[in-house]
Amino acid sequence: MKTSYLFYFIVVSFAFASCQWGVPSKQKDTTSADTLSYTYKNIHERAADCGNKPDSACAVVTIKYPVFTGQKKLNDSITQKIRGLFAMDGQPDSTIELMNKAFFKSYNDLKKTEPKLAMYYKLNSYAKVILQDSSLTTLEVGGDTYQGGAHGAAATFFINWDTKANKDLTLDDIFTAGYEEKLRTIAESIFRKDEKLSPTASLANDYFFKDNKFALNDNFLISPVGLKFFYNSYEIKPYAGGTTTLIIPYSSIKSLLRPGSVVSKYIK
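Below is a short write-up of the structure. Every residue gets a number counted from 1 within its own chain, in the order that chain's sequence is written. The predicted origin of the model limits local features to residues at a pLDDT of at least 70 and limits the giving and counting of side-chain atom pairs to 80 or more, whereas totals for whole chains, interfaces and linings rest on all residues. Based on all heavy atoms of the structure, the side-chain values leave hydrogens and waters out of the count.

### Focus: the overall build of the protein chain
Working step 1: The way it works is that DSSP assigns letters per residue, a run of H or I at least four long becomes a helix, a run of E at least two long becomes a strand, and they are numbered from the N terminus. A count of helices and strands for the protein chain gives six helices and nine strands.
Working step 2: For every residue, the accessible area (1.4 Å probe, protein chains only) is compared with the maximum for its type, and the residue is labelled buried under 20%, exposed over 50%, or partly exposed between those bounds. With 268 residues in all, the protein chain has 37% of them scored as buried.
Working step 3: Note on definitions: a residue-residue contact is assigned when non-hydrogen atoms from the two residues lie within 4.5 Å. Contacts spanning at least 24 positions in sequence make up 58% of the contacts within the protein chain whose residues lie at least 6 apart.
Working step 4: Carbon and sulfur atoms provide 57% of the accessible area of the protein chain, an area that totals close to 15,800 Å². The accessible surface values rely on the Shrake-Rupley method and a 1.4 Å probe; as for residues, cover is taken only from the protein chains in view.

Structure representation (structure tokens):
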């Protein structure tokens, strides 16, 4: 009876952990003893005319992100990602404080030109720790905003931080030289299967790939099971098509991976 109970407990625990993939975990077994320490910073600002109105009825900025102890480069990388999420004309403000001021200025300027317009503005941004071990810290950075128009905007990006090299990892850091076309071919096969496309179906009508040729972006997450690539809305599909997630298991790219890289511990 004890053996049966133990087996049942392990199965249930594993299933629960799997459902939490991509969400910061508080369980001790997901973080080793020598990981980076951090605390979350919360920012919540409302427009001057909000009064007693709820957040859903006025202009509001809400931001939450981790600040790591003694890790300036990592902290700068996180705030830079946040500032760049919804930057106008691709030019992010130099600080989060200036970004918030620009947001409220845009709201006040519109209110002056359209005083009777019933409107609300919002800017929600976040960064959250997904996983830590002795060599890697991964984070998700994202949010959504509405500043008038038919619909708002949302975006999600990732940071894969090499804690020993003190840098954000690129694909070149984890793959051997000359990997690009082989990786693209493997990824396209998975993409077509996920999208229920035949190997020869055209990508011209429903996708925005350059020259109608499948391509990977550089927005990826290193996970224990594989590389997770994420395409935001409008990136490869129209707004109605939503976002696209592509997971490439390590088993399919094992021969392309650089020996001794941070993903080596996940290879069996």
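### Brief notes about the sheet that holds strand β8 (residues 226-231)
Working step 1: Note on pairing: two strands pair once DSSP finds at least 2 bridges between them. An order of β7-β8-β9 is seen for the three strands of this open sheet, with the pairing classed as antiparallel. Strands at the two margins of the open sheet, each flanked by one partner only, are β7 (220-222) and β9 (244-249). Averaged over all adjacent pairs, the angle separating strand axes in this sheet is 20 degrees, with direction ignored.
Working step 2: Pairing between β8 and β9: six bridges, direction antiparallel. Across the sheet, residue Tyr231 finds its bridge partner in β9, namely Thr244. Lines fitted to the C-alpha atoms define the axes, with helices restricted to the stretch that makes contact. Angles between their N-to-C directions range from 0 to 180 degrees.

### So, the side chain of Gln132
Working step 1: Secondary-structure assignment places Gln132 in strand β3 (residues 122-132).
Working step 2: A residue is classified by how much of its surface remains accessible, and Gln132, at 5% relative accessible area, is buried.
Working step 3: Counting of polar contacts relies on pairs of N or O atoms within 3.5 Å, with two restrictions inside protein: one atom must be capable of donating a hydrogen and the other of accepting it, and residues adjacent in sequence are counted only when both atoms are side-chain atoms. Only 2.9 Å separates the side chain of Gln132 from the backbone nitrogen of Leu36, close enough to count as a polar contact.
Working step 4: For Gln132, the side chain forms a polar contact with the side chain of Thr137, separated by 3.1 Å.

### Quick look at the nonpolar core
Working step 1: Counting 34 residues, the largest nonpolar core has Ile174, Phe175, Ile222, Leu227 and Ile253 as its most contacted members.
Working step 2: Looking at this core, the elements that each hand over two or more residues are β3, α4 (171-174), α5 (180-194), β7, β8, β9 and α6 (250-253).
Working step 3: Counting 31 residues, the second largest nonpolar core, distinct from the first, contains Ile43, Phe68, Phe103 and Tyr121. Buried residues of nine kinds, namely Ala, Val, Leu, Ile, Met, Phe, Trp, Tyr and Cys, make up a nonpolar core once their side-chain atoms join them within 4.5 Å.

### Things to note about the packing of aromatic side chains
Working step 1: Note on aromatic pairs: the rings of Phe, Tyr and Trp (six-membered ring only in Trp) are paired at centre separations within 6.5 Å, and the planes decide the class, stacked below 30 degrees, edge-to-face beyond 60, tilted for the rest. Scanning the model with the defined rule gives 16 aromatic pairs in all.
Working step 2: Pairing Phe191 with Phe209 gives two aromatic rings, centres 5.7 Å apart and planes at 85 degrees, and the pair type is edge-to-face. With Phe191 in helix α5 and Phe209 in the loop between α5 and β7, this residue pair connects regions lying 18 residues apart in the sequence.
Working step 3: Between the aromatic rings of Tyr234 and Tyr239, the centroid separation amounts to 5.7 Å while the plane-to-plane angle is 35 degrees, which identifies the pairing as tilted.
Working step 4: When its relative accessible area of 47% is taken as the criterion, Tyr234 is described as partly exposed.

### Focus on the sheet that holds strand β1 (residues 38-46)
Working step 1: Pairing is mixed across the open sheet formed by six strands, whose spatial order is β1-β2-β3-β4-β5-β6. Of all strands in the sheet, those with a lone pairing partner are β1 and β6 (167-168), marking the two edges.
Working step 2: Helix α2 (residues 72-84) contacts β2 (60-68), β3, β4 (136-146) and β5 (153-162) of the sheet and is inclined by roughly 160 degrees relative to β2.
Working step 3: In the packing of helix α3 (residues 96-113) onto the sheet, the strands contacted are β1, β2 and β3, and the crossing angle to β2 comes to about 170 degrees.

### Re the pairing of β8
Working step 1: Most of β8 sits out of view: six of its six residues are buried.
Working step 2: In terms of strand pairing, β7 meets β8 through three bridges, oriented antiparallel. By the bridge assignment for β8, Phe220 is matched with Phe229.
Working step 3: Between β7 and β8, which pair antiparallel in sequence order, lie three residues.

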